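Structural features, examined
The primary structure of each chain is shown beneath.
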Amino acid sequence: MNTIEVGTRISWVALAGILEGTVKSVKIVKNASNTMVPFMIIENVIGRYDRVKHSNVFMAATDSYMKIMKVEIDSEPVNA
């Protein structure tokens, strides 16, 4: 998977359907198993087809989790 940086627009599959948002920041935090893991804070989240605005999302940024969620890069950061 390509590198996801702050400002990257991504989409993923969730129970609410296909969602899109912009990566606001990446933080390293402890997960439930007490391991340090990168997490992305995603803002401006909307449904791809219904265009309904959803809350911001806090998503694990591990390769295995992003494969499960079928994360795709929609656009590179503007400042890239």
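Before reading further, recall that the structure is shown in the block above.
The structure displayed is predicted, hence computed values, not measured ones.

Bringing the sheet that holds strand β5 (residues 72-75) into the picture now. If you trace the five strands from one edge of the open sheet to the other, you get β4-β3-β2-β1-β5, paired in antiparallel fashion. Every interior strand has two partners, whereas the edge strands, β4 (57-60) and β5, have only one. Ignoring strand direction, the axes of neighbouring strands in this sheet form an average angle of 45 degrees. Pairing of strand β1 (residues 9-14) with β5 involves three bridges; the strand directions are antiparallel. Residue pairing for β5: Arg9 is matched across the bridge by Ser75.

Here we take up the pattern of salt bridges. Within this structure, the stated rule accounts for three salt bridges. Linking Arg48 and Glu20 is a salt bridge whose minimum nitrogen-to-oxygen distance equals 2.8 Å. Highlighted residues: Arg48 in the loop between β3 (36-47) and β4 and Glu20 in strand β2 (residues 17-30), separated in sequence by 28 residues. Salt-bridge contacts for Arg48 lead to Asp74; the nearest nitrogen and oxygen are separated by 3.6 Å. With Arg48 in the loop between β3 and β4 and Asp74 in strand β5, the pair connects residues that are 26 residues apart, well separated along the chain. For Asp74, a relative accessible area of 34% gives the class partly exposed. Several salt bridges share partner residues, and in doing so they unite Arg9, Glu20, Arg48 and Asp74 into one network.

Conventions and cut-offs
- Residues numbered from 1 in each chain as written.
- Predicted model: local features only at pLDDT ≥ 70, side-chain atom pairs only at ≥ 80, totals over all residues.
- Heavy atoms only, no water.
- Pairing = 2+ DSSP bridges.
- Helix = DSSP H or I, 4+ residues; strand = E, 2+ residues; numbered from the N terminus.
- Axes fitted to C-alpha atoms, helices over the stretch in contact; angles between N-to-C directions.
- Salt bridge = Lys/Arg side-chain N within 4 Å of Asp/Glu carboxyl O.
- Buried < 20%, exposed > 50% of the residue type's maximum accessible area, 1.4 Å probe, protein only.

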